[in-house]
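Fold and contact review
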Amino acid sequence: MTWAENLKELGLELPVAPKPVAVYVPGVRTGNYVYTSGQLPFVNGELPLTGKLGDEITIEQGAEMAKLAALNALAVVHDLVGLDNVVRIVKVVGFVASAAGFNSQPLVINGASELLGAVLGEAGVHARSAVGVNELPLDTPVEVELIAEVR
């Protein structure tokens with residue numbers, strides 16, 4: 001199945017790529033790679049949840065936010081080169097706003113990784129970092145960036 005068919009089967013659609021919230025571009029292509037800026041889990045320009053994991057946000061809610069952030073990152077890639085031109089997702093970096101003592105960042109960023117695999121199949125399997133941080137922009141619980149190899 002194609003990425004578009006996979007999204008439909010998941011009950012999702014590719015959103016419009018979010019506009020930057022500061023002075024940067026959403027993504028850059030250099031050679032055969034697209035690097036996205038960190039994407040937040042915006043839905044229609046709004047953050048569905050704010051706060052920190054291990055405090056007001058559960059692991060399950062955080063994983064859903066990571067999924068939404070990854071979907072926005074895919075939208076950025078699509079705007080630049082079209083998802084049909086993705087050879088593979090090479091790397092994902094996920095940042096998790098974490099309360100003191102919270103150490104399940106990998107479980108949160110699994111939401112992004114699982115989405116990428118479900119949408120792109122083998123091309124969505126990637127290397128990854130899941131990093132706990134004290135604060136993220138706009139009090140978002142997660143931020144996801146990716147590197148994609150493209151044709």
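A brief report on the enclosed structure follows. (Residues numbered from 1 in each chain as written. Predicted model: local features only at pLDDT ≥ 70, side-chain atom pairs only at ≥ 80, totals over all residues. Heavy atoms only, no water.)

Here we come to the nonpolar core. Formed by 34 residues in total, the largest nonpolar core has its most connected members in Leu74, Ile89, Leu120 and Leu146. Of all the secondary-structure elements, those providing two or more residues to this core are helix H1 (3–9), helix H2 (59–81), strand E3 (86–97), helix H3 (105–120) and strand E5 (142–150). Per-element accounting of this core gives the leading share, 10 residues, to H2. If sequence neighbours within four positions are ignored, Leu146 has contacts with Val34, Tyr35, Thr36, Ala73, Val77, Ile89, Lys91, Val92 and Leu116. (Core = buried A, V, L, I, M, F, W, Y, C linked by side-chain atoms within 4.5 Å. Buried < 20%, exposed > 50% of the residue type's maximum accessible area, 1.4 Å probe, protein only. Helix = DSSP H or I, 4+ residues; strand = E, 2+ residues; numbered from the N terminus. Contact = heavy atoms within 4.5 Å.)

Right, let's get into the sheet that holds strand E4 (residues 127–133). Ordered in space as E1-E2-E5-E3-E4, the 5 strands form an open sheet in which the pairing is mixed. The open sheet has two edge strands, strand E1 (27–30) and E4, and neither has a second partner. Each strand axis lies, on average, 15° off the axis of its neighbour in the sheet, ignoring direction. Packing of H3 onto the sheet brings it into contact with E3, E4 and E5, and relative to E3 it is tilted by some 155°. (Pairing = 2+ DSSP bridges. Axes fitted to C-alpha atoms, helices over the stretch in contact; angles between N-to-C directions.)

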